[in-house]
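Here's the letter readout for the chains.
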Amino acid sequence: MTEGRWPHPRPGITRDNQFFWDGLAQEKLLIQRCAACRRLQHPPAPMCPGCHGLEMDSIEASGRGVVHSFVVAEHPPIPPFAYPNLIGLVELEEGTRLVTQLVGVEPEDVRIGMPVHVEFERVEPDYVLHRFRPASA
Amino acid sequence: MSFAGKAAIAGIGQTEFSKDSGRSELRLACEATLAALADAGLEPRDVDGFATFTMDNNPEIEVARAIGAGPLRFFSRVHFGGGAACAVVMQAALAVAGGAADVVVCYRAMNERSQQRFGTGTIPRAGVATTETAHFGWYAPFGLMTPASWVAMQAQRYLHEYGATTEDFGRVSVACRRHAATNPVAWFHGKPITLEEHQASRWIVRPLRLLDCCQESDGAVAIVVTSPERARDGRQRPVVIRAAAQGASIDQQMMTSYYRDAIGDLPEMAFVAQQLYRQSGLGPKDFQTAVIYDHFTPFVLSQLEAFGFCGRGEAKDFVRDGRIEVGGALPINTHGGQLGEAYIHGMNGIAEGVRQIRGTAVNQVKDTEHVLVTAGTGVPTSALILGRA
């Protein structure tokens, strides 16, 4: 996917989301959890909307989920991505959703509701991203 | 006390709509503002307020300095891209009704095609860690970084949940391009399309094709808001702001509200609709025409549902048989919309709403008493009901 010449887009990392990206660096998919009431949320926030807790921890996701929606980006081609670029919105079995790359499946064969599981890709020496593959593959 | 009905649009102005204006965005803002003031029969020295988008690159003080307006006692900006369009008019109406200003000019000026294109990919700037760059960080690393791609994710789910097809998206394009075809200032003047041409156009981000996407445009639009009394003394038939509202839903995100239960819908726009109907006492049957924000066709369907023109998931049937075209039960975007006339972040749609109430639109709908105008979708948004004085 990465052609090397173009830097891979990076997130802005704040005190609210750093744990997530640190987790990916260790090939772990983390979900923010309120330490007080155990509510999960993604994208993370500095305060729990349920109990106003400010202390957050995280759990490691099982990595299993289903495709909730998806798109096939074709134009404009933006480096370093390969096109067509299959991008999914995956609902994890823990209940939160996240946007990710879908691999190991042709755009024509993706279905909403398709079971998928996580894997990790080192897109640059110090940069790991999650992506998902059909569970049966 | 409500502000509804206590402010009016006295003038509208615009530049030509092009792909390369050949002049600065600030100059476009000044030209449109002067044109709107002339239309209203007001002078630059009458202006004591401005309202625009946070995305606009032209500071109020620079517009005021160049046209010789001021001193200013009200200046306000609204965030969230095209969701600001009707909200800037709401800001002006609040200021006028509340006595904070007498004459407020709302403007949006952009060289969106020749200078700053929105569709080329939003990449968070490395090293700048803010809540907004963190937000784009959930999408850009995977290549989900254009407005079309953000909308396509919700559109795919809409198709899945309601059994709609991409032809239903296409019917929106066909209607807008039909209206643009008879509008001499529209970029696509004289260029209608068929549903077959829509279906044959290339993929941008599946399920969106090229002809589901609005244009990229250079141009500016300005709207003059003042009291209904002062507007009555002006050069034009006054257009009263019957209702104006903003809306952000629970768990609202900027272009990526993917985390709430039903992502095929637009609850923020349903919330706006509820407020507009409450303020005005009007309902969906009271509009002769509507300007429905059309940066991408799928959200036109969702908006028709949010405003109660049809039930949830029923827009695919509503848009058939020319119902949303001139001559149909609810003609929308009679100027051609942003698909057909120009993409001025929704402000050209407000100008069209004004012309429909005045009775001066190029594709005039007969006996137009009330027009609904909506702002950007997928973002925190806004809408207006315009009516006769």
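Reading the values: rules and limits
- Residues numbered from 1 in each chain as written.
- Chains lettered and ligands numbered in written order.
- Predicted model: local features only at pLDDT ≥ 70, side-chain atom pairs only at ≥ 80, totals over all residues.
- Heavy atoms only, no water.
- Helix = DSSP H or I, 4+ residues; strand = E, 2+ residues; numbered from the N terminus.
- Rg over C-alpha atoms; globule rule 2.2 N^0.38 Å.
- Buried < 20%, exposed > 50% of the residue type's maximum accessible area, 1.4 Å probe, protein only.
- Contact = heavy atoms within 4.5 Å.
- Buried area = accessible area lost by both parts, 1.4 Å probe.
- Salt bridge = Lys/Arg side-chain N within 4 Å of Asp/Glu carboxyl O.
- Polar contact = N/O pair within 3.5 Å; in protein donor to acceptor, adjacent residues only side chain to side chain.
- Pairing = 2+ DSSP bridges.
- Axes fitted to C-alpha atoms, helices over the stretch in contact; angles between N-to-C directions.
- 1 Å grid on protein atoms, 1.4 Å probe; cavity = no way out; pocket = protein on both sides within 12 Å on 5 of 7 lines; lining within 4 Å.
- Points joined across faces, edges and corners; volume = space filled by probe spheres on them.
- Nonpolar A, V, L, I, M, F, W, Y, C, P; charged D, E, K, R; others polar.
- Parallel < 35°, antiparallel > 145°, perpendicular 65-115°, else oblique.
- Left-handed = near helix turned anticlockwise from the far one by under 90°.
- Core = buried A, V, L, I, M, F, W, Y, C linked by side-chain atoms within 4.5 Å.
- Domains from an automatic or database assignment.
- Arc of directions from axis to C-beta.
- Right-handed = clockwise from strand over helix to strand, strands pointing away.

(A) Representation of the overall build of chain A in the model. Per the secondary structure count, chain A includes 1 helix and 8 strands. What you see for chain A is a C-alpha radius of gyration of 16 Å, in line with the 14 Å of a compact globule of 137 residues. When the backbone C-alpha atoms are referred to their principal axes, chain A occupies close to 45 × 35 × 25 Å. Counting only residues that meet the buried cut, chain A has 50% of its 137 residues in that class.

(B) Geometry of the interface of chain B and chain A. Listed as interface residues are 38 residues of chain B and, on the opposing side, 39 residues of chain A. Buried area between chain B and chain A, both sides added, is near 3,100 Å², and the carbon and sulfur share of it is 65%. Inspection of the chain B/chain A interface yields 2 salt bridges. A:E74 is the partner of B:R206 in a salt bridge, and the nearest nitrogen-oxygen pair spans 2.6 Å. Here chain B and chain A share 16 residue pairs in polar contact (both at pLDDT 80 or more) between them. For the side of chain B that touches chain A, the secondary-structure elements that each account for two or more residues are α4 (131-136), α5 (147-162) and β5 (203-206) of chain B.

(C) Highlighting the sheet that holds strand β8 (residues 239-247) of chain B. Residue and element names in this part refer to chain B. In space, the 9 strands of this open sheet follow the order β3-β2-β4-β7-β1-β8-β11-β10-β9, with mixed pairing throughout. This sheet does not close on itself; its edge strands, each paired only once, are β3 (74-78) and β9 (289-291). Strand-to-strand twist of the sheet, defined as the mean angle between neighbouring strand axes without regard to direction, takes the value 25 degrees.

(D) Examining empty space enclosed by the protein more closely. Residues and elements named next belong to chain B. Counted by the stated rule, this structure contains 4 cavities of 30 Å³ or more. Quantified by volume, the largest cavity comes out at close to 60 Å³. Around the largest cavity, the lining residues are V291, I292, Y293, D294, N333, H335, G337, Q338, G346, G349, V373 and T374. Elements with a contribution of two residues or more to the lining of the largest cavity: α12 (337-340) and β10 (370-374). Its residues assigned to classes, the lining of the largest cavity shows 4 nonpolar, 7 polar and 1 charged.

(E) Region of interest: the pattern of salt bridges. With the rule as written, the count across this model stands at 31 salt bridges over all chains. Two residues, B:R27 and B:E31, come together in a salt bridge whose shortest N-O distance is 2.7 Å. Of this pair, B:R27 and B:E31 both sit in helix α1 (residues 25-40), 4 residues apart, which is roughly one turn of the helix. Given a relative accessible area of 28%, B:E31 falls into the partly exposed group. In the salt-bridge network here, residues are joined through shared partners; they are A:E119, A:E121, A:R131 and A:R133.

(F) Representation of the packing of α5(B) against helix α10 (residues 298-306) of chain B in the model. All names here are of chain B. In the contact formed by α5 and α10, the axes pass within 9 Å of each other and the chain directions differ by 60 degrees. Judged by the angle between their axes, α5 and α10 are oblique. For the element pair α5 and α10, the recorded crossing hand is left-handed. Two secondary-structure elements touch here, α5 through V151, Q154, A155, Y158 and Y162 and α10 through P298, F299, L301, S302 and E305. Here the contact of α5 with α10 is built from residues that sort into 7 nonpolar, 2 polar and 1 charged.

(G) The arrangement of the nonpolar core in detail. The biggest cluster of nonpolar side chains holds 87 residues, and the ones touching the most others in it are B:L304 and B:F307. A per-element tally of this core places α5(B) first, with 9 residues. When residues of this core are sorted by domain, at least three fall in each of domain 1 (14-60) and domain 2 (62-137) of chain A. When sequence neighbours within four positions are dropped, the list of residues in contact with B:L304 reads B:F309, B:C310, B:A315, B:F318, B:V319, B:I324 and B:L330. Judged by nonpolar contacts, the second largest core, of 42 residues, contains B:A87, B:M90, B:A101 and B:L384.

(H) Highlighting helix α1 (residues 18-25) of chain A. Residues and elements named next belong to chain A. All buried positions along α1 are accounted for by F20, W21, G23 and L24. The buried residues of α1 occupy an angular sector of 155 degrees when the element is viewed end-on, so they sit on one face. Buried positions along α1 lie against β1 (30-34), β6 (97-102), β7 (115-124) and β8 (127-134). Directly after α1, the chain includes E27, whose backbone phi takes a positive value near 55 degrees.

(I) Up close: the side chain of A:Q32. All names here are of chain A. Relative to the helices and strands, Q32 is located in strand β1. For Q32, the side chain forms a polar contact with the main-chain oxygen of A45, separated by 2.8 Å. Leaving out residues up to four positions away in the same chain, Q32 has contacts with D16, F19, R39, L40, Q41, P44, A45, M56, D57 and S58.

(J) Region of interest: the layout of surface pockets. All names here are of chain A. Reported here for the second largest pocket is a volume of approximately 220 Å³. The wall of the second largest pocket is formed by 14 residues, among which P84, N85, L86, L102 and V103 lie closest to the centre. Contributions of two or more residues to the lining of the second largest pocket are made by β5 (85-92) and β6. In the lining of the second largest pocket, the residues fall into 9 nonpolar, 2 polar and 3 charged.

(K) Looking closely at the pairing of strand β2 (residues 49-53) of chain B. Residue and element names in this part refer to chain B. Counting buried residues in β2 gives 5 out of 5 residues, a clear majority hidden from the surface. Alignment of β2 against β3, held across 5 bridges, turns out to be parallel. Of the residues in β3, the one forming a bridge with F53 is V78. Following the backbone out of β2, through helix α2 (residues 60-67) and into the adjacent parallel β3, one traces a crossover that is right-handed.

(L) Quick peek at the sheet that holds β1(A). Residues and elements named next belong to chain A. Strands sit in the order β2-β1-β3 across an open sheet of 3 strands; the sheet is antiparallel. Each edge of the open sheet is held by one strand with a lone partner, namely β2 (40-41) and β3 (56-60). Note: β1 against β2, 2 bridges, orientation antiparallel. Residue pairing for β2: R33 is matched across the bridge by L40. In the packing of α1 onto the sheet, the strands contacted are β1 and β3, and the crossing angle to β1 comes to about 145 degrees.

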